[in-house]
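Here is how the chains run, residue by residue.
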Amino acid sequence: QVQLVESGGGLVQAGGSLRLSCAASGSIISINDMSWYRQAPGKQRELVALMSSSSTPNYADSVLGRFTISRDDAKNTVYLQMNNLKPEDTAVYYCNAFIRTSLLLKSRGYWGQGTQVTVSS
């Protein structure tokens, strides 16, 4: 069984910063892509940032230049540093990781439980 546990959300004023963490645990053989999504009330879940196993990052246009994704493979953890936060960044943030748990199985996607980020104006 695999678990993804997120932390680091909270309430911050516009212009402030937060750092989210997501740690994977369980029977893990390898982790491929790790990413962060967010979902605001009444909106669809959207991809915020993704980092491949080769550490190539990709960002949504709305966060480019403000957010930085990174990963520590020794700790099975992905981070999202969020700077210059805006009220429109308010959402529940979810981490996602493609994890292989058996040599007999392909990697599959797992989700964290989500962490709330609220940016006040």
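Quick note: structure is the one above.
My aim in this report is to walk through the structure given alongside it, one point at a time. As the structure is a prediction and not an experimental result, all values here were calculated from the model.

Rules used in this analysis
- Residues numbered from 1 in each chain as written.
- Predicted model: local features only at pLDDT ≥ 70, side-chain atom pairs only at ≥ 80, totals over all residues.
- Heavy atoms only, no water.
- Core = buried A, V, L, I, M, F, W, Y, C linked by side-chain atoms within 4.5 Å.
- Buried < 20%, exposed > 50% of the residue type's maximum accessible area, 1.4 Å probe, protein only.
- Helix = DSSP H or I, 4+ residues; strand = E, 2+ residues; numbered from the N terminus.
- Phe/Tyr/Trp six-rings, centres within 6.5 Å; stacked < 30°, edge-to-face > 60°.
- Lys NZ or Arg CZ within 6 Å of the ring centre and 35° of its normal.
- Disulfide = S-S within 2.5 Å.

Let's shift gears to the nonpolar core. In a soluble, globular protein the nonpolar side chains are often hidden away together inside. Of all hydrophobic cores here, the largest spans 29 residues; its most connected members are W36, L80, M82 and Y93. Residue assignment for this core shows that the elements contributing at least two residues are β1 (2-7), β3 (18-26), β4 (30-39), β5 (46-51), β7 (67-72), β8 (77-82), β9 (91-100) and β11 (115-120).

The subject of this paragraph is the packing of aromatic side chains. What the rule picks out here adds up to two aromatic pairs. Their ring planes at 65° and their centres at 5.0 Å tell us that Y37 and W111 sit as a pair that is edge-to-face. With Y37 in strand β4 and W111 in strand β10 (residues 108-111), the pair connects residues that are 74 residues apart, well separated along the chain. Taking relative accessible area as the criterion, Y37 reaches 21% and is therefore assigned partly exposed. For W111, a relative accessible area of 40% gives the class partly exposed. With 6.4 Å between their ring centres and 90° between their planes, Y94 and W111 make a pair best called edge-to-face. With Y94 in strand β9 and W111 in strand β10, the pair connects residues that are 17 residues apart, well separated along the chain. Taken together, the ring pairs in this structure connect Y37, Y94 and W111 into an aromatic cluster. For R45, the ring lying beneath its charged end belongs to W111, and the centroid distance is 4.6 Å. Between R108 and the ring centre of Y110, over which it is positioned, the NZ or CZ distance is 4.0 Å.

Right, let's get into the state of the cysteines. Within the structure shown, the criterion is met by one disulfide. Through a disulfide, C22 is tied to C95; the S-S separation comes to 1.9 Å. Here C22 and C95 share a disulfide; its torsion about the S-S bond, 40°, makes the bridge right-handed. Highlighted residues: C22 in strand β3 and C95 in strand β9, separated in sequence by 73 residues. The two residues C22 and C95 agree in class, both being buried.

Purely geometric stuff here, so don't read any function into it on its own.
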